[in-house]
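Remarks on the overall topology
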Amino acid sequence: MTDTSISRRGFLGAALALSAAAATGCTPGVKGASSSGASVDANASKPAQLHMLYATAEANSAAVQALLPAFKDKFGIELVMDTQPYDALQQKVFSEFASQSTYYDIVIVDTPWAPALVAQLEPLSQHIGNSALNDMADVDVKDFIPKVFYDTAVYNAGDPIKHFPDEASPADVAAITGAGFDIYGLPLQANAQIMAYRKDLFTDSGELAGFKSKTGKDLAVPKTWDEFVTVSQYFTRPDKKLYGTTVMAGVGDWATDDFKSMLAAYGGQGRLIGDDLSLAFKSPEGTAALQRYVDLINKYKVTPPGSTAASWDEAASLFDSGTTALTMNYHALELDDAVKGEIGYAVVPQEKTRGPHFGTWMLSVNKYGGNRAWAYRAITWLTASQQQLTMTGKQLHPSRTSVYKQVTSAQNKSEAEFYRVLGDSLAVGVGRARLTNYTEVSAAIAKAVNSAATGSAAPDAALNTAADQVRKLLTDAGYKVPG
Amino acid sequence: MTDTLAAKPSPTVTEKPEGYGLRPRRERKGETLVPWVLMTPTLVLLALMTIMPTIYLLRASVRNDTLLNTNGRFVGLANYSNALTDPTFWHSLLITIGFVVVAVALEMLLGMALSLPLAGERLSSTWGTTLLLLPFAITPVVSAMIFKELLNPNYGWVDYYLGQLGLPAHIEWLSHPTTAWIALIGLDVWQWTPFVALILIAGLQSLPGEPREAAAIDGASTWQMFWHVTLPQLKPFIAIALVLRTIQAFKTFDYFKVMTGGGPGDSTEILNLAIYRIALQSFRIGAAAAIAILLLILLSLLVPALLRGVGRNADPEEA
């Protein structure tokens with residue numbers, strides 16, 4: 001008779017082994033072969049489906065979803081699109097790449113994530129040069145807005161902190177690869193901070209006369225920060241629940257983004273941190289920019305209550321509800337029906353120069369995926385000029401110069417004005433520092449902005465505290481910070 | 001009869017019942033397998049959900065791994081050292097402890113105050129107890145979003161009704177550290193006091209009535225009966241509520257993420273926000289694991305201490 005009893009130790013060992021097997025078996029066949037980008041077969045058989053991981057409203061999923069039937073007609077492939085809200089998307093994207101999952105062929109990538117992800121993305125320079133892979137759409141990289149293209153998609157995978165040295169010229173694949181960089185996606189949904197204002201107030205005869213009477217000047221959309229303050233002060237009427245402008249000074253990326261735009265306007269490095277890891281935000285320009293920002297709240301008092309706890313959601317709600325005459329945001333704006341007003345748009349004001357914060361999503365090919373040739377074809381089609389133009393019908397923010405040329409001549413004047421301003425803002429915009437822990441760094445700077453805005457620290461002291469924290473964060477993440 | 005009784009040895013002095021001796025009964029083959037087989041699903045689940053993640057966490061805490069970097073290396077206690085020498089860690093730890101102490105203390109007091117009238121077997125008590133369930137039936141993140149809107153100084157109900165009552169009506173709740181803490185603790189107390197109250201109601205309803213009747217006959221006042229009779233008997237339930245709420249409060253994340261993001265400044269930057277940012281936004285798994293282990297150690301020391309403190313003489317028979 002067989003001895004069926006087992007020892008306790010043996011049993012526990014077996015149970016742990018079983019657990020380990022179960023754990024590793026949870027993702028069967030998940031690992032894909034790594035790729036250099038050179039091994040894509042243009043003649044690979046057509047899959048029945050392609051899987052794309054995409055954002056929700058943050059990257060206007062509705063616009064892309066509207067194109068899916070046309071995609072199927074064109075490719076004969078079903079593009080299955082999974083959408084996730086921002087935080088969940090980031091975690092999903094990173095966990096997919098950490099497990100070298102083959103499931104998603106196409107992944108949307110936001111610029112703060114790209115420095116950590118770039119080694120997981122398919123480099124596209126060779127695909128762009130391969131005519132057999134460009135049979136579904138014209139990739140025409142020169143048509144992308146240069147700043148948007150270089151900031152979003154061009155990386156040196158060996159040293160991802162670096163930006164391409166010439167971001168003003170139209171994209172040139174040979175120049176990119178010649179400088180040791182490559183292209184890791186195609187930009188779509190380009191967001192920039194723009195100024196919106198209540199056009200109905202700015203054209204109201206009573207307001208025009210009132211402003212003239214009060215300031216001796218004609219009421220006009222502000223182009224400089226001094227003008228911005230004057231106009232904001234004029235419209236601030238707390239007894240009527242009307243204020244000059246919103247700010248997004250709550251602790252979060254929004255405060256950093258507000259500060260970034262002002263830092264660039266005051267002649268500082270709008271990326272906050274240089275490619276050499278210099279802490280550019282801690283500078284005389286940084287202090288001056290933050291002082292002006294704080295003055296809007298505490299000295300001129302042109303912002304509504306709660307502005308030091310506001311995010312872009314609250315800022316948009318305040319403007320939409322008619323509580324402010326001006327706002328700076330990259331949130332979609334739409335005045336409430338009860339306001340009975342009209343929105344106008346303009347590039348954010350300048351001081352010495354201007355450099356509104358921008359950030360663009362890109363569609364990238366999963367380098368572990370099994371359908372890379374078709375995934376590449378898909379992203380060339382989705383980001384092509386014609387498709388982007390179609391998606392502007394759903395308020396997509398295009399990334400191509402040619403699309404802006406067409407939409408700014410559209411019959412809908414409000415829409416044309418919005419796109420003209422967005423295009424102009426993207427052309428002069430400033431992106432983020434390329435750090436694997438940008439979110440932590442951004443949080444430290446946001447706390448400094450908020451501390452100054454709430455009056456608990458002077459701007460200079462707040463930035464000094466942030467600099468100490470950022471230096472430690474960078475060191476902890478493995479960077480060698482100078483000085 | 002007498003002889004029979006006298007001849008029967010006492011089992012409690014010289015002999016132990018079968019199976020209770022120093023030498024265990026020799027088990028038949030296969031007999032030991034049955035309980036282990038029955039326990040297998042639970043043990044596998046425990047191993048998968050608790051033991052393996054803990055081992056992974058410990059391993060990660062002594063390495064400099066990031067989620068996407070497979071070339072992480074052993075760094076000894078460097079992650080712990082980094083955390084323990086970082087002033088922001090100590091700031092976050094202290095305010096986390098402060099939040100737990102204040103919020104849980106308020107919840108225990110209010111929970112007790114609610115439980116006493118609701119413990120009686122009356123229709124109104126049944127309705128009251130049912131209503132108590134509502135706050136903690138709401139997802140914490142949803143509660144936080146609703147509270148944030150209610151506290152909005154431009155259109156929120158809280159400032160509006162304060163104004164209607166002639167009280168200061170222009171409070172920017174989330175813009176100042178003191179009012180932000182009042183809002184956060186207020187939300188936590190609103191959501192979790194019913195949980196404490198329900199545990200204590202169950203405890204009160206299970207207490208024997210005789211000691212209170214005896215005290216009443218002896219002329220004890222209501223306060224004396226509560227303080228000297230009911231409260232000591234209730235200690236096991238208080239201990240359960242206190243320990244559960246303390247552990248839950250240390251895990252609080254949603255309210256802070258939604259309502260303040262750690263602000264104003266870093267005044268509400270609790271440890272879980274830092275762990276979230278490091279682990280799930282920068283994916284520095286090693287650094288986050290070290291902080292999580294430190295929090296785990298703190299909880300492991302705190303919970304037995306709480307149980308010893310509150311649970312002393314908690315046995316109703318000894319009270």
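Residues numbered from 1 in each chain as written. Chains lettered and ligands numbered in written order. Predicted model: local features only at pLDDT ≥ 70, side-chain atom pairs only at ≥ 80, totals over all residues. Heavy atoms only, no water.

1. A few points about the overall build of chain A
- Helices and strands together make up the secondary structure of chain A, namely 20 helices and 11 strands.
- Taken over C-alpha atoms, the radius of gyration comes to 25 Å for chain A, in line with the 23 Å a tight globule of 483 residues would show.
- Out of the 483 residues belonging to chain A, those deemed buried represent 58%.
- The long-range fraction of contacts in chain A, counting pairs at least 24 apart against all pairs at least 6 apart in sequence, stands at 75%. (Helix = DSSP H or I, 4+ residues; strand = E, 2+ residues; numbered from the N terminus. Rg over C-alpha atoms; globule rule 2.2 N^0.38 Å. Buried < 20%, exposed > 50% of the residue type's maximum accessible area, 1.4 Å probe, protein only. Contact = heavy atoms within 4.5 Å.)

2. Quick notes on the overall build of chain B
- A tally of regular secondary structure across chain B gives 13 helices and 0 strands.
- Listed by position from the N terminus, the elements making up chain B come as α-α-α-α-α-α-α-α-α-α-α-α-α.
- A buried classification covers 43% of the 319 residues belonging to chain B.
- Contacts in chain B between residues far apart in sequence, at least 24 positions, make up 67% of those at least 6 positions apart.
- Total accessible area on chain B stands at roughly 18500 Å², and carbon and sulfur atoms take up 68% of it. (Areas by Shrake-Rupley, 256 points an atom, 1.4 Å probe, with all protein chains shown as cover.)

3. A look at the nonpolar core
- In terms of nonpolar packing, the biggest core is built from 70 residues, with Met52(A), Tyr54(A), Phe149(A) and Leu363(A) touching the most fellow members.
- At 8 residues, the largest contribution of residues to this core is made by helix H15 (residues 372-382) of chain A.
- Those residues in contact with Leu363(A), other than ones at most four positions away along the chain, are Met52(A), Tyr54(A), Ile106(A), Val107(A), Ile108(A), Gly185(A), Leu186(A), Leu188(A), Ile379(A), Leu382(A) and Thr383(A).
- Listed in part, the 63 residues of the second largest apolar core include Ala144(B), Leu151(B), Leu162(B) and Ala279(B). (Core = buried A, V, L, I, M, F, W, Y, C linked by side-chain atoms within 4.5 Å.)

4. Some details on the interface of chain B and chain A
- Counting residues at the interface gives 39 residues for chain B and 46 residues for chain A.
- Area buried by chain B at its contact with chain A is led by Trp36(B), Leu68(B) and Asn154(B), which between them contribute 19% of it.
- Applying the counting criterion to the chain B and chain A interface returns 5 salt bridges.
- For the pair chain B and chain A, the number of links is 12 residue pairs in polar contact (both at pLDDT 80 or more).
- For the side of chain B that touches chain A, the secondary structure elements donating two or more residues are helix H2 (33-61) and helix H12 (271-280) of chain B.
- By residue number, the principal contributor to the side of chain B that touches chain A is H2(B), which donates 8 residues.
- Taken together, the residues of the side of chain B that touches chain A sort by class into 16 nonpolar, 14 polar and 9 charged. (Buried area = accessible area lost by both parts, 1.4 Å probe. Salt bridge = Lys/Arg side-chain N within 4 Å of Asp/Glu carboxyl O. Polar contact = N/O pair within 3.5 Å; in protein donor to acceptor, adjacent residues only side chain to side chain. Nonpolar A, V, L, I, M, F, W, Y, C, P; charged D, E, K, R; others polar.)

5. Topic: the sheet that holds strand E10 (residues 343-346) of chain A
Residues and elements named next belong to chain A.
- Strand order in the open sheet formed by 4 strands is E8-E9-E7-E10, and the pairing between neighbours is mixed. Either end of the sheet is taken by a strand with one partner, and the two such strands are strand E8 (243-245) and E10. Neighbour-to-neighbour, the strand axes of this sheet turn through a mean angle of 25°, independent of strand direction.
- Across the sheet, helix H11 (residues 225-235) touches strand E7 (194-198), E8 and strand E9 (324-329), and the angle it forms with E9 is around 140°.
- Where helix H14 (residues 312-320) meets the sheet, its contacts fall on E7, E9 and E10, and the angle it forms with E9 comes to roughly 150°. (Pairing = 2+ DSSP bridges. Axes fitted to C-alpha atoms, helices over the stretch in contact; angles between N-to-C directions.)

6. Some points on the sheet that holds strand E11 (residues 358-365) of chain A
Residue and element names in this part refer to chain A.
- Read from one edge of the open sheet, 5 strands run E2-E1-E3-E11-E6, paired in mixed fashion. Only two strands of the sheet have a single neighbouring strand rather than two, namely strand E2 (78-84) and strand E6 (186-192). Within the sheet, the average angular offset between the axes of one strand and its neighbour, ignoring direction, is 15°.
- Bridge count for strand E1 (residues 49-55) against E2 is 7 bridges, and the pairing is parallel. Counted as the bridge partner of methionine 52 is methionine 81 from E2.

7. Side note on the domain arrangement of chain B
All names here are of chain B.
- By domain assignment, chain B separates into domain 1 (18-60) and domain 2 (83-318).
- Centre-to-centre separation of domain 1 and domain 2, based on C-alpha positions: 36 Å.
- Between domain 1 and domain 2, the residue contacts involve 4 residues of the former and 5 residues of the latter.
- Across the domain 1 to domain 2 interface the summed buried area is about 380 Å²; carbon plus sulfur atoms make up 86%. (Domains from an automatic or database assignment.)

8. Some points on empty space enclosed by the protein
- Going through the model one piece at a time under the given rule, you end up with 4 cavities of 30 Å³ or more.
- By volume, the largest cavity is sized at about 170 Å³.
- Forming the boundary of the largest cavity are 18 residues, of which Gly306(A), Ala309(A), Glu314(A), Asn152(B) and Pro153(B) lie nearest the centre.
- Of all elements in the fold, only H14 of chain A together with helix H6 (140-150) of chain B reach the threshold of two or more residues within the lining of the largest cavity.
- Residues of the lining of the largest cavity, tallied by class, amount to 9 nonpolar, 5 polar and 4 charged. (1 Å grid on protein atoms, 1.4 Å probe; cavity = no way out; pocket = protein on both sides within 12 Å on 5 of 7 lines; lining within 4 Å. Points joined across faces, edges and corners; volume = space filled by probe spheres on them.)

9. Some points on the pattern of salt bridges
- A complete count under the given rule lists 23 salt bridges over all chains for this structure.
- We note a salt bridge from Arg372(A) to Glu122(A), for which the minimum N-O separation is 3.4 Å. Taken together, the residues Arg372(A) in helix H15 and Glu122(A) in the loop between helix H5 (114-117) and helix H6 (125-128) connect sequence positions 250 residues apart.
- For Arg245(B), the salt bridge goes to Glu107(B), with nearest N and O atoms at 2.7 Å. In this pair, Arg245(B) sits in helix H10 (residues 222-250) while Glu107(B) sits in helix H4 (residues 87-118), placing the two residues 138 residues apart along the sequence. In terms of burial, Arg245(B) and Glu107(B) fall into one category: buried.
- Salt bridges sharing common partners tie together Lys447(A), Glu269(B) and Arg277(B).

10. A few points about the packing of aromatic side chains
- Taken as a whole, this structure holds 36 aromatic pairs over all chains when the rule is applied.
- Note on Tyr150(A) and Phe164(A): the rings are 4.7 Å apart at their centroids and 0° apart in plane angle, and the pair reads as stacked. Placement of Tyr150(A) in helix H7 (residues 146-153) and of Phe164(A) in the loop between strand E4 (154-155) and helix H8 (173-178) is noted, with a sequence separation of 14 residues between them.
- A relative accessible area of 7% means that Phe164(A) is categorised as buried.
- Ring geometry for Tyr160(B) versus Tyr161(B): centroids 5.0 Å apart, planes at 80°, classification edge-to-face.
- You can call Tyr161(B) partly exposed: its relative accessible area is 46%.
- Here the aromatic residues Phe144(A), Phe149(A), Tyr150(A), Phe164(A) and Phe181(A) are joined through ring pairs into a cluster of three or more.
- Over the aromatic face of Tyr234(A) sits the side chain of Arg237(A), whose NZ or CZ is 5.0 Å from the ring centroid. (Phe/Tyr/Trp six-rings, centres within 6.5 Å; stacked < 30°, edge-to-face > 60°. Lys NZ or Arg CZ within 6 Å of the ring centre and 35° of its normal.)

11. Regarding the side chain of Arg271(A)
Residue and element names in this part refer to chain A.
- Structurally, arginine 271 is set in the loop between helix H12 (253-265) and helix H13 (284-298).
- With relative accessibility at 15%, the residue arginine 271 sits in the buried group.
- A distance of 2.8 Å separates the side chain of arginine 271 from the side chain of glutamate 167, its partner in a polar contact.
- With residues near it in sequence (within four places) discarded, arginine 271 still touches His163, Glu167, Lys260, Val430, Gly431, Arg432 and Ala433.

12. Brief notes about the layout of surface pockets
- Quantified by volume, the second largest pocket comes out at close to 1400 Å³.
- Every residue lining the second largest pocket is counted, 44 residues in all, and those nearest its centre are Asp65(B), Thr66(B), Leu67(B), Leu68(B) and Asn69(B).
- Every element with two or more residues in the lining of the second largest pocket is listed here: helix H4 (86-98), H5 and helix H20 (459-476) of chain A together with H2, helix H3 (78-84) and helix H13 (285-311) of chain B.
- Per-element accounting of the lining of the second largest pocket gives the leading share, 4 residues, to H4(A).

13. Considerations on the confidence of the model for chain B
- Looking at chain B, the pLDDT average stands at 87 and 87% of residues meet or exceed 70.
- Every residue in residues 1-21 of chain B scores below 50 in pLDDT, and together they form 4 contacts with partners more than four places removed in sequence or on other chains. (pLDDT = per-residue confidence, 0-100.)

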